[in-house]
Amino acid sequence: MGKKNHAASTTSSSTRPKNQSPEIYVAPGNEYRSWLFSLFMLVFVLPGIVTALAWYLGGSEPDARPNFFIRLILCMLLDSVYSGVFYAILLPPARTLARLLPGSQVPTSMTGCEKQESEANDPSLSWPLPGASIPSEWIDIARRSKRKQPFFLNHVRGSTRLRQAILRIAAAFGTVSMAYIMSAYVDHNTLADIGVIVSIPDMLWGFLVGSSIVIALFAAEVTLGWIYIVGYGEIVVPEESLYLNLLWDVLFHIGVSINEEISMRGWILVNTALYVKTLGASAAAAMALAVALQAGIFALMHVGSPGASRVGLINLVVGGTAAALNVFLSGGISFSLGWHFGWNIFMGHLLGLSTSGIPMSAKFLSIVPHPSKETLHGGKFGPEQSPLAASAYLLGCLALVCIYGTEGITFWRERLT
């Protein structure tokens, strides 16, 4: 028996690569307790510490609150921590649900799940789909290009989109928590003071404007021959459901809109303007500098997006400026929320265009971009990188003025003074 065990040990050692460390066994019970402790720290202890810090720094009087830059850092810290809380709560059941969906391929390991949830394109999926009626000239150009994605668009499974949607919803909950804590404990004001006012009519107007200018942009690109319609009601994985996959996209972009509008056009925009005004600037100058800062941050947030280029980031500065005008002219972020959601959902999932490189799993209209006109239709990044994007934003601003006039600027200017 002793010799047999020794031989087995020798064989095991000789077959292990020289540079590979021996695996360390972790008892299942210890692994579970470690996970439970990490969850407790993430969901209860860390948020409690950061919230207590916010309460301490805020003091009991408005005059006692810290300067703008400390509050800006605290704002970002709260947003990150509370988003992590909701990730930890919502993601495990989302992964369980994703495994039950038809056509799903969800890894069993946490590392595998995280990798899949962060991917912009699933290389195991074939797209365009077989039988798509693509012009033969475009196919020849695509073959000669030798690119991995000659038609640019990113696609993933619906089970992946579900989890990506939950991540965005978690980020939205984190942002709302940040805005409430900052207003209640640090800034000593209300959410309404930073424009966070829920107005269904304003949201509907914003949705109408945002979706309409995307439809106009889409029509222009089809007419100019930059994109080509190849189908309707497309599902990238045949076993999946068109309407379920579109539901995940709706949830995803609701989360994106809330997350970006409340943080960018809510807390940062308004508090930057108030801070600049305390430095002796005029109300108009304070508003202009606040618009420029949040528009720049908004563009920088997309630097890592698939296919992003200098042109796309410049266009997003214009888009961030238009979004800030939405707040100043309409009186709050509701119109901007509607515009943002309408722009994203129509562009990326109803009309089949790329939205900042965000992947798709289903779409009402399926299009292919021209394989040699990347600089015109925006490539992987999509129409936001097109030379037509700035005109679309300006068209939306014109509609904004027609709906609300310019009295909102006077309201904010009076508030700053």
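Everything numeric in this text was worked out from a predicted model, so none of it was measured.

What counts as what
Each chain has its residues counted from 1, running along the sequence as written. In keeping with the predicted nature of the model, local features appear solely for residues at pLDDT of at least 70, side-chain atom pairs appear and are counted solely at 80 or more, and the whole-chain, interface and lining totals rest on all residues. Side-chain measures were taken over the full set of non-hydrogen atoms in the model, leaving aside hydrogen atoms and water. Strands here are runs of E lasting at least two residues and helices are runs of H or I lasting at least four, both read from the DSSP assignment and numbered beginning at the N terminus. To sort residues, take the accessible area from a 1.4 Å probe on protein chains only and compare it with the maximum for the residue type: under 20% means buried, over 50% means exposed, and anything in between is partly exposed. The contact rule is simple, with two residues in contact once any of their heavy atoms fall within 4.5 Å. Definition of a polar contact: a pair of N or O atoms within 3.5 Å, with one able to donate and the other able to accept a hydrogen when the atoms are protein atoms, and with sequence-neighbouring residues admitted only if both atoms are side-chain atoms. Working definition of a nonpolar core: buried Ala, Val, Leu, Ile, Met, Phe, Trp, Tyr and Cys residues. They are joined through side-chain atoms within 4.5 Å. To pair, rings of Phe, Tyr and Trp, with the six-membered ring standing in for Trp, must have centres within 6.5 Å; the planes then decide the type, stacked if under 30 degrees apart, edge-to-face if over 60, and tilted in the middle. Only lysine NZ and arginine CZ atoms are considered, and such an atom sits over a ring when it is within 6 Å of the ring centre and within 35 degrees of the ring normal. Using a grid of 1 Å spacing that covers the protein atoms alone, one calls a set of points a cavity when a 1.4 Å probe fits there but cannot get out, and a pocket when the set is open and has protein on both sides within 12 Å along at least five of seven lines; lining residues are those with an atom within 4 Å of a point. Grid points are joined across faces, edges and corners, and a volume is the space filled by probe spheres set on the points. Under the convention adopted here, Pro, Cys and the residues Ala, Val, Leu, Ile, Met, Phe, Trp and Tyr are nonpolar, Asp, Glu, Lys and Arg are charged, and Gly plus all remaining residues are polar. Along the arc lie the directions from the helix axis toward the C-beta atoms.

**Q** Please explain the overall build of the protein chain as it appears in this structure.
**A** A count of helices and strands for the protein chain gives 14 helices and 2 strands. Based on the C-alpha atoms only, the size of the protein chain along its principal axes is roughly 90 × 65 × 35 Å. Looking at the 417 residues of the protein chain, the share that counts as buried comes to 48%. Contacts spanning at least 24 positions in sequence make up 82% of the contacts within the protein chain whose residues lie at least 6 apart.

**Q** Teacher, can you tell me more about the side chain of Asn-259 here?
**A** Note on placement: Asn-259 falls in helix H8 (residues 242-278). Within the structure, the side chain of Asn-259 is placed 2.6 Å from the side chain of Thr-175, a separation counted as a polar contact. If near-sequence neighbours (up to four positions away) are discounted, Asn-259 is found in contact with Asp-79, Arg-168, Ala-171, Ala-172 and Thr-175.

**Q** Would you mind going over the nonpolar core with me for this structure?
**A** If you look at soluble globular proteins, the nonpolar side chains tend to sit buried side by side. If you look at the biggest cluster of nonpolar residues, it comprises 74 residues, and the most contacted ones within it are Leu-78, Met-182, Trp-267, Trp-339 and Trp-343. Residues contacting Leu-78, with those up to four places away along its chain left out, are Val-50, Thr-51, Ala-54, Met-178, Ile-181 and Met-182. Within the second largest apolar cluster, 8 residues are counted, among which are Ala-98, Leu-101, Cys-113 and Ile-166.

**Q** Help me understand the packing of aromatic side chains, please; the structure alone is not making it clear to me.
**A** The description of an aromatic ring pair uses the distance of the two centres, along with the angle that the planes make with each other. All told, the structure shown has 15 aromatic pairs when counted by the stated rule. The ring of Phe-252 carries the charged tip of Arg-161 above its face, separated from the ring centre by 4.3 Å. Sitting over the face of the ring of Phe-298, Arg-265 holds its NZ or CZ atom 4.4 Å from the ring centroid.

**Q** Help me understand empty space enclosed by the protein, please; the structure alone is not making it clear to me.
**A** All chains considered together, the criterion is met by 2 cavities of 30 Å³ or more. Leu-153, Glu-221, Ile-227, Leu-353, Ser-354, Ile-367, Pro-369, His-377, Gly-379, Gly-382 and Pro-383 together form the lining of the largest cavity. Computed from the structure, the second largest cavity encloses a volume of approximately 30 Å³. Across the lining of the second largest cavity, the residue classes tally to 4 nonpolar, 2 polar and 1 charged.

**Q** Looking at this model, I keep getting lost on the layout of surface pockets. Mind explaining?
**A** It is the rolling of a water-molecule-sized probe over the atoms that shows where space remains empty. Volume-wise, the largest pocket comes out at about 1,000 Å³. Lining the largest pocket are 47 residues, with Arg-168, Val-256, Glu-260, Met-301 and His-302 sitting closest to its centre. Elements with a minimum of two residues in the lining of the largest pocket: helix H3 (68-100), helix H4 (110-117), helix H6 (158-187), H8, helix H9 (283-300), helix H10 (310-330) and helix H11 (334-350). With 9 residues, the single largest contributor to the lining of the largest pocket is H8. Its residues assigned to classes, the lining of the largest pocket shows 22 nonpolar, 16 polar and 9 charged. When its volume is computed, the second largest pocket comes out at roughly 490 Å³. Lining the second largest pocket are 17 residues; nearest its centre among them are Trp-35, Pro-92, Arg-95, Met-110 and Glu-114. Residue assignment for the lining of the second largest pocket shows that the elements contributing at least two residues are helix H2 (28-58), H3 and H4. The biggest single contributor to the lining of the second largest pocket is H3, with 7 residues.

**Q** Whenever I open this one, H4 confuses me. Can you help?
**A** In an α-helix, one turn spans 3.6 residues, which is why side chains three or four residues apart end up on the same side. Of all the residues in H4, the buried ones are Gly-112, Cys-113, Gln-116 and Glu-117. Viewed along the axis of H4, the buried residues span an arc of 130°, placing them on a single side of the element. Those residues of H4 that are exposed and angled more than 90 degrees off the buried face are Thr-111 and Lys-115. Check the buried side of H4 and you find it contacts H3 and H6.

Geometric values such as these leave the question of function open.
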